Amino acid sequence: MERGVRRWDALAENLRARVNTATSVRREEPLGPKTTLRVGGAARLYAEPASEADLQALLREAGAHEVEVLLLGRGSNLIVPDEGVDGLVLAFSHEIWSAFEPRAAGRIWVGAGLRLKSLCGRAAKAGLVGFEFLEGIPGSVGGALRMNAGAMGGWMFDVVEEVRVMSRAGEVVTLAKGAMHVDYRHCAELQQAIALGALLRAPPGRTETGAPADADAIGRQIDVYRRKRQESQPREPSAGCVFRNPVGTAAGFLIDECGLKGARVGEAEVSTVHANFIVNRGAASGADVLELIRRVRARVREIKGVELQPEVLLFGKKWEDVL
Ligand SMILES: Cc1cc2nc3c(=O)[nH]c(=O)nc-3n(C[C@H](O)[C@H](O)[C@H](O)COP(=O)(O)OP(=O)(O)OC[C@H]3O[C@@H](n4cnc5c(N)ncnc54)[C@H](O)[C@@H]3O)c2cc1C
């Protein structure tokens, strides 16, 4: 135990020695408060890189010591286990990752750490139509690219032209959308590579001319989406939809039909508003959430014969090891 602690302390010192002072490197950083579900333990190592060079240096140092590197966006699609994460968590919370730069012909360059809410609001202000569907997804650009986040009939990759990425070895390249393999809640290239930022453009038909649209009209569309969410999603802390929708049906519908709305383990509860959300009623633990997920899956399997697959990610672990 003591040897383990000393090893992590020494690694933290190594990391600090290789980066600028603007890059914060911390030990035992609590991760729960950095997620929307608010459960789980700490990162043995945690850093907020303040430049691409520092990100590279952190990756190379972690690689040299065989330390697992995990990426954290806004933590809105993650469950952190109670024991935390034995690795280096890199968060894109430094302001250098929050770029929003309008470019020619309706394009925008956005940094990986920019909040989708901010992207949506600033695009509307700039009269750029086509980004309204992102309203209410509580993630960052990086997390939305990795998950190909979608809502209201739109997908993140509908608005992507290219993504600037860094490999785990620290090499930077720009990938055109056509060279990327994207699917439901999935982007193959970003399983490993790290998104640094992306060039976005609303799909043709919306902004063919790149001419600014009426900001008020965009704002009204955003309000419509916001109201839809308020009516259909719980207000309590959650990680969004827990399970992927099986082909031809909705996971929430199946869970509801099994009478599971309101089912609880400790302070984790199947939302009474939307059955595919598990909410934290206050002091839920990661273990409560995982046990509730197991029970929901077992019941849906028993009654409906459907094996639900998690859409949320278990930070630093594989679902098959805990389900
Ligand atoms: C109330 C609520 C509503 C939601 N509604 C929706 C919805 O309508 N549609 C939808 O699709 N999702 C929804 N979600 C889920 C979630 O918001 C999205 O998946 C979002 O895109 C995750 O972004 P994030 O920044 O929070 O990523 P995180 O949860 O922090 O991370 C998600 C994954 O992305 C990886 N990642 C983070 N940053 C990078 C990076 N720079 N490069 C590469 N990988 C990276 C992480 O390692 C992790 O694997 C909802 C969640 C909540 C809580």
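Look above for the structure.
J.: Mind showing me how you'd approach the sheet that holds strand β17 (residues 268-270) here?
T.: Sheets are built from strands paired through backbone hydrogen bonds, the pairs being either parallel or antiparallel. Sheet architecture is open: four strands sit in the order β15-β18-β17-β16, paired in antiparallel fashion. Each of the sheet's edge strands pairs with one partner strand only, and the pair in question is β15 (238-241) and β16 (264-265). Summarising the sheet, β17 and strand β18 (residues 277-280) pair through three bridges and their orientation is antiparallel. The residue bridging Val 270 from the neighbouring strand is Ile 278, located in β18.

J.: Honestly, the site of the ligand in this entry has me stumped. Any pointers?
T.: Residues in contact with the ligand amount to 34 residues; listed here are only the nearest, Leu 71, Gly 73, Ser 76, Ser 140 and Gly 150. In the model, an oxygen atom of the ligand is placed 2.6 Å from a nitrogen or oxygen of the Ser 140 side chain. One of the side-chain N or O atoms of Arg 185 is found 3.4 Å from an oxygen atom in the ligand. Burial of the ligand by the protein amounts to 92% of the accessible area it has alone, namely 980 Å². Sorting the residues of the shell around the ligand by element identifies β3 (69-72), α4 (141-147), β8 (150-151), β14 (194-201) and β15 as the ones contributing at least two each. The leading source of residues in the shell around the ligand is α4, at five residues. Classifying every residue of the shell around the ligand gives 17 nonpolar, 13 polar and four charged.

J.: Help me out: how do you make sense of helix α1 (residues 2-17) in this one?
T.: For an α-helix, 3.6 residues make a turn, and residues three or four places apart therefore share a direction. With 16 residues, α1 should reach 22 Å at 1.5 Å per residue; the first-to-last C-alpha distance of 23 Å fits that figure. Where the residues of α1 are buried, they touch β1 (24-30), β2 (42-48), α2 (52-64) and β5 (85-91).

J.: Explanation requested: the pattern of salt bridges in the structure shown.
T.: Side chains bearing opposite charge may pair, as long as their charged atoms lie close to each other. For the structure on display, the rule yields 26 salt bridges. Glu 29 serves as the salt-bridge partner of Lys 34, at 3.0 Å between the closest nitrogen and oxygen. Overall, Lys 34 belongs to the partly exposed group, its relative accessible area being 24%. Between Arg 297 and Glu 307 there is a salt bridge, and its shortest N-O distance comes to 3.5 Å. One end of the pair, Arg 297, is in helix α7 (residues 286-304); the other, Glu 307, is in the loop between α7 and β19 (313-314), and 10 residues separate them in sequence. Residue Arg 297 is classed as buried on the basis of its relative accessible area of 10%. Through salt bridges with shared partners, one network takes in Asp 9, Arg 27, Glu 28, Arg 44 and Asp 86.

J.: How should I be thinking about α7 in this particular structure?
T.: Taking 1.5 Å of rise per residue, the 19 residues of α7 would be expected to cover 27 Å, and the 27 Å separating its terminal C-alpha atoms lies within 8% of that figure. Among the residues making up α7, those that are buried are Gly 286, Asp 288, Val 289, Leu 290, Leu 292, Ile 293, Val 296, Arg 297 and Val 300. Looking one or two residues beyond α7, the residue adopting positive phi is Gly 305, at roughly 70°.

J.: It is not clear to me how the sheet that holds β1 should be interpreted in this structure. Could you clarify?
T.: Strand order across the open sheet formed by four strands is β1-β2-β5-β3, with mixed pairing between neighbours. The open sheet has two free edges, formed respectively by β1 and β3, since each of these has just one partner strand. If you compare each strand with its neighbour and ignore which way they point, the axes differ by 30° on average. In this sheet, β5 lies alongside β2 in parallel orientation, the contact comprising four bridges.

J.: Is there a simple way to explain the environment of Ala 105 in this structure?
T.: Along the polypeptide, Ala 105 turns up in the loop between β6 (100-102) and β7 (107-111). A sequence separation of 23 residues divides Ala 105 from Leu 128, and the C-alpha atoms of the two residues are 10.0 Å apart.

Cut-offs applied
- Residues numbered from 1 in each chain as written.
- Predicted model: local features only at pLDDT ≥ 70, side-chain atom pairs only at ≥ 80, totals over all residues.
- Heavy atoms only, no water.
- Pairing = 2+ DSSP bridges.
- Helix = DSSP H or I, 4+ residues; strand = E, 2+ residues; numbered from the N terminus.
- Near = heavy atom within 4 Å.
- Polar contact = N/O pair within 3.5 Å; in protein donor to acceptor, adjacent residues only side chain to side chain.
- Areas by Shrake-Rupley, 256 points an atom, 1.4 Å probe, with all protein chains shown as cover.
- Nonpolar A, V, L, I, M, F, W, Y, C, P; charged D, E, K, R; others polar.
- Expected span 1.5 Å × (residues − 1).
- Contact = heavy atoms within 4.5 Å.
- Salt bridge = Lys/Arg side-chain N within 4 Å of Asp/Glu carboxyl O.
- Buried < 20%, exposed > 50% of the residue type's maximum accessible area, 1.4 Å probe, protein only.
- Axes fitted to C-alpha atoms, helices over the stretch in contact; angles between N-to-C directions.

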